[in-house]
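So you can see what is in the structure, the chains are spelled out below.
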Amino acid sequence: MTAKKLIRKLHLWLGITSGCIVSIICLTGAVWALHIHGWLGEGDPPIPSCPPAAILPPSTLAAIAKDSLNGRLPSYITYTKDRPAWLGVFARGSRTMLMIDPCSGRILKRTSLSMNAAADQPFDLWLFVRRGHQSLWLPRAVGRPIINYSTLAFVIVLLSGIFLWIPKTKKATRHRLLPKWKKGTGITRKIFDFHAVAGIYISLLLLLMALTGMMWGLEWYAKAIHRIAGVNSDIQARTEQSDTTRLALPSPLDPMQAADSVFRNMQRRYPHAASFYINCPDPADPASVVRATVYPEAGIYYNRDVYAFDRYSLREITPAGIYGGLYRDAPPSARLLRSIYDLHTGSYWGLPGRILYTIAALLGATFPFTGAYMWYKRRKKKYTGTSESNDKR
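Residues numbered from 1 in each chain as written. Predicted model: local features only at pLDDT ≥ 70, side-chain atom pairs only at ≥ 80, totals over all residues. Heavy atoms only, no water.

1. Comments concerning the packing of aromatic side chains
Tallied over the entire structure, the rule returns 17 aromatic pairs. With a centroid separation of 5.3 Å and 85 degrees between ring planes, the pair formed by tyrosine 301 and tyrosine 341 is classed as edge-to-face. Remark: tyrosine 341 occurs in helix α10 (residues 340-345) and tyrosine 301 occurs in the loop between β6 (290-295) and β7 (305-309); sequence separation between them is 40 residues. Summarising the aromatic geometry, the rings of tryptophan 349 and tyrosine 357 are spaced 6.0 Å apart at their centres and angled 40 degrees between planes, so their arrangement reads as tilted. Classification of tyrosine 357 by relative accessible area gives buried; the value is 4%. Chaining the aromatic ring pairs together yields one cluster made of Tyr302, Tyr327, Tyr348, Trp349 and Tyr357. The ring of tyrosine 327 carries arginine 335 above its face, with NZ or CZ at 4.5 Å from the centroid. (Phe/Tyr/Trp six-rings, centres within 6.5 Å; stacked < 30°, edge-to-face > 60°. Helix = DSSP H or I, 4+ residues; strand = E, 2+ residues; numbered from the N terminus. Buried < 20%, exposed > 50% of the residue type's maximum accessible area, 1.4 Å probe, protein only. Lys NZ or Arg CZ within 6 Å of the ring centre and 35° of its normal.)

If you want it as structure tokens, here you go:
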């Protein structure tokens, strides 16, 4: 068997075995993009703007939300320009979030998210789509590996498809780039041309989506990418700690007061930022710090700046890991790794990238079916000896 025949069989059988799952991944990804980019679905409502000094600090919002959060302090607070603030509390396998007007303190919405679907949880279309994209509506321990290894198979299908697309002659190249259909061109030929021509145009985008998507599901893959980039494989490690000796002071700083000071500090440093993400100190961990993430542009995440502060002295600490610190100071490898999410969603290139990615994902959902159709037609031709070249259906 020649190398090309082997690659063709690999392309065929991996495409068939993973095709339905890949179609679900692409389709749910495209639909989810309509929501996360704000094109469809209920987004955060705009609120009347108020001066920065009038925005309620974390401690005030936490006090307002105390009853709604079952007496717990928020794990994080997100402030977004001209939009409501969000407070969140993490628990085992779930997260409770509150939407609050940061100017008036009025609670606008309460949401509870579970890592796995709960029978008593009200149906949410976008949550349903996201679960399908991330875990195939199965328990995460089961669905995530299926999603990620199907994506890995899709990467091989795409690479083998690019190899098989390469034409032998210059004339064939023109037809592979822009097919010319005559009046009598049958549906089978048109489907083949769509599969080959549209596929080659968006294959690089689909490859980028797949390669970046596996970073969240395949630990060995993520560690390998980090090693290739020359980064410590322990990517989740956070070693910064607050000075716990200050607990012996007569009046140690309250955790939410520390969050207040950090938030006001960030407001002064970044008066034009699109949003601030404040990680509040963990009351159960005396050494936990206050972390602040600043997003300069709305809908863009790669160029964020991340700070860490001692919760008692408010001394600035160098954030641990490649995702901490200022974007402008990060080496090229860290900048690339920070861009994974934006490269996965297309937001790295702004609105044109988001639109192009959504179209590519929708087309990607059709390729397993067009490929299966061509395989069926070839088998039918093989066993019946008929030709489909003049099929006009």
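2. Regarding the state of the cysteines
With the rule as written, the count across this model stands at one disulfide. With no disulfide partner, cysteine 20 has as its closest neighbouring cysteine sulfur the one in cysteine 26, 12 Å distant. Exposure remark for cysteine 20: the relative accessible area of 55% places this residue in the exposed category. There is no disulfide at cysteine 280, and the cysteine sulfur nearest it, in cysteine 103, is 18 Å away. A relative accessible area of 9% places cysteine 280 in the buried class. (Disulfide = S-S within 2.5 Å.)

3. A few points about helix α8 (residues 255-269)
For α8, built from 15 residues, the straight-helix expectation of 21 Å at 1.5 Å per residue is met to within 8% by its first-to-last C-alpha distance of 21 Å. Measuring from the backbone nitrogen of methionine 256 back to the side-chain oxygen at the start of α8 gives 2.9 Å, which picks out aspartate 254 as the cap. (Expected span 1.5 Å × (residues − 1). Polar contact = N/O pair within 3.5 Å; in protein donor to acceptor, adjacent residues only side chain to side chain.)

4. Quick word on the environment of glutamate 297
Relative to the assigned elements, glutamate 297 resides in the loop between β6 and β7. Given the relative accessible area of 40%, glutamate 297 is considered partly exposed. Considered as a pair, glutamate 297 and alanine 273 are 24 residues apart in the sequence and their alpha carbons are 6.6 Å apart. Glutamate 297 has contacts with Ala274 and Asn303, leaving out every residue within four places of it along the chain. (Contact = heavy atoms within 4.5 Å.)

5. Comments concerning the nonpolar core
Core analysis: the biggest nonpolar cluster contains 30 residues, and Leu61, Tyr79, Met266, Tyr270 and Phe276 have the highest contact counts within it. Those elements that provide at least two residues to this core are α2 (58-65), β1 (76-80), β2 (85-91), β3 (94-100), α8, β5 (275-279), β6 and β7. With six residues, the single largest contributor to this core is α8. If you look at the next biggest cluster of nonpolar residues, it comprises 29 residues, including Val22, Ala30, Ala360 and Ala365. (Core = buried A, V, L, I, M, F, W, Y, C linked by side-chain atoms within 4.5 Å.)

6. Digging into the pairing of β2
β2 sits mainly inside the fold: five of its seven residues count as buried. Where β1 meets β2, three bridges bridge the pair, whose relative direction is antiparallel. Paired with threonine 78 across the strands is tryptophan 86, a residue of β2. (Pairing = 2+ DSSP bridges.)

7. Focus on the packing of α2 against α8
The interhelical angle for the contact between α2 and α8, taken along N-to-C directions, is 135 degrees, at an axis separation of 7 Å. Accordingly, the angle class assigned to the pair α2 and α8 is oblique. Where α2 abuts α8, its residues Pro58, Ser59 and Ala62 lie against Met256, Ala259, Asp260 and Phe263. The class makeup of the residues in the contact of α2 with α8 is five nonpolar, one polar and one charged. (Axes fitted to C-alpha atoms, helices over the stretch in contact; angles between N-to-C directions. Parallel < 35°, antiparallel > 145°, perpendicular 65-115°, else oblique. Nonpolar A, V, L, I, M, F, W, Y, C, P; charged D, E, K, R; others polar.)

8. Comments concerning the environment of methionine 266
The residue methionine 266 is located in helix α8 in this model. In the structure, methionine 266 is positioned 108 residues away from leucine 158 in sequence and 44 Å away in space, judged by C-alpha atoms. Each residue touching methionine 266, except ones within four places of it in the same chain, is listed here: Phe276, Ala292, Val294, Tyr307 and Phe309.

9. A few points about a nonpolar patch on the surface
Nonpolar side chains collect at one region of the surface, where Trp39, Leu40, Leu351, Ile355 and Ile359 lie side by side and expose about 450 Å² of accessible area between them. Classification of isoleucine 355 as partly exposed rests on a relative accessible area of 40%. (Patch = residues over 30% accessible without salt bridge, like charges linked within 9 Å, V, L, I, M, F, W, Y side chains within 5 Å. Areas by Shrake-Rupley, 256 points an atom, 1.4 Å probe, with all protein chains shown as cover. Salt bridge = Lys/Arg side-chain N within 4 Å of Asp/Glu carboxyl O.)

10. Quick look at the confidence of the model for the protein
For the protein, per-residue confidence averages 88 on the pLDDT scale, and residues scoring 70 or more make up 91% of the total. Confidence drops under pLDDT 50 across residues 388-393; counting only partners more than four residues distant or on other chains, this segment forms 16 contacts. (pLDDT = per-residue confidence, 0-100.)

11. Side note on the packing of helix α1 (residues 3-36) against helix α11 (residues 350-364)
Where α1 contacts α11, the axes come no closer than 7 Å and their chain directions differ by 155 degrees. One element, α1, and the other, α11, form an angle in the roughly antiparallel class. Note on packing geometry: the crossing formed by α1 with α11 is left-handed. Counting all contacts with α1, which are made through Cys26, Leu27, Ala30, Ala33 and Leu34, the residues of α11 involved are Thr358, Ala361, Leu362 and Gly364. When the residues that make up the contact of α1 with α11 are grouped by side-chain class, the tally is seven nonpolar, two polar and no charged. (Left-handed = near helix turned anticlockwise from the far one by under 90°.)

12. Let's talk about a positive patch on the surface
Taken together, the side chains of Lys4, Arg8, Lys168, Arg378 and Lys381 make up a positively charged region of the molecular surface. As for its position among the elements, lysine 381 is in helix α12 (residues 367-384). With relative accessibility at 45%, the residue lysine 381 sits in the partly exposed group. (Lys, Arg positive; Asp, Glu negative; His and termini not counted. Charge placed at Lys NZ, Arg CZ, Asp CG, Glu CD.)

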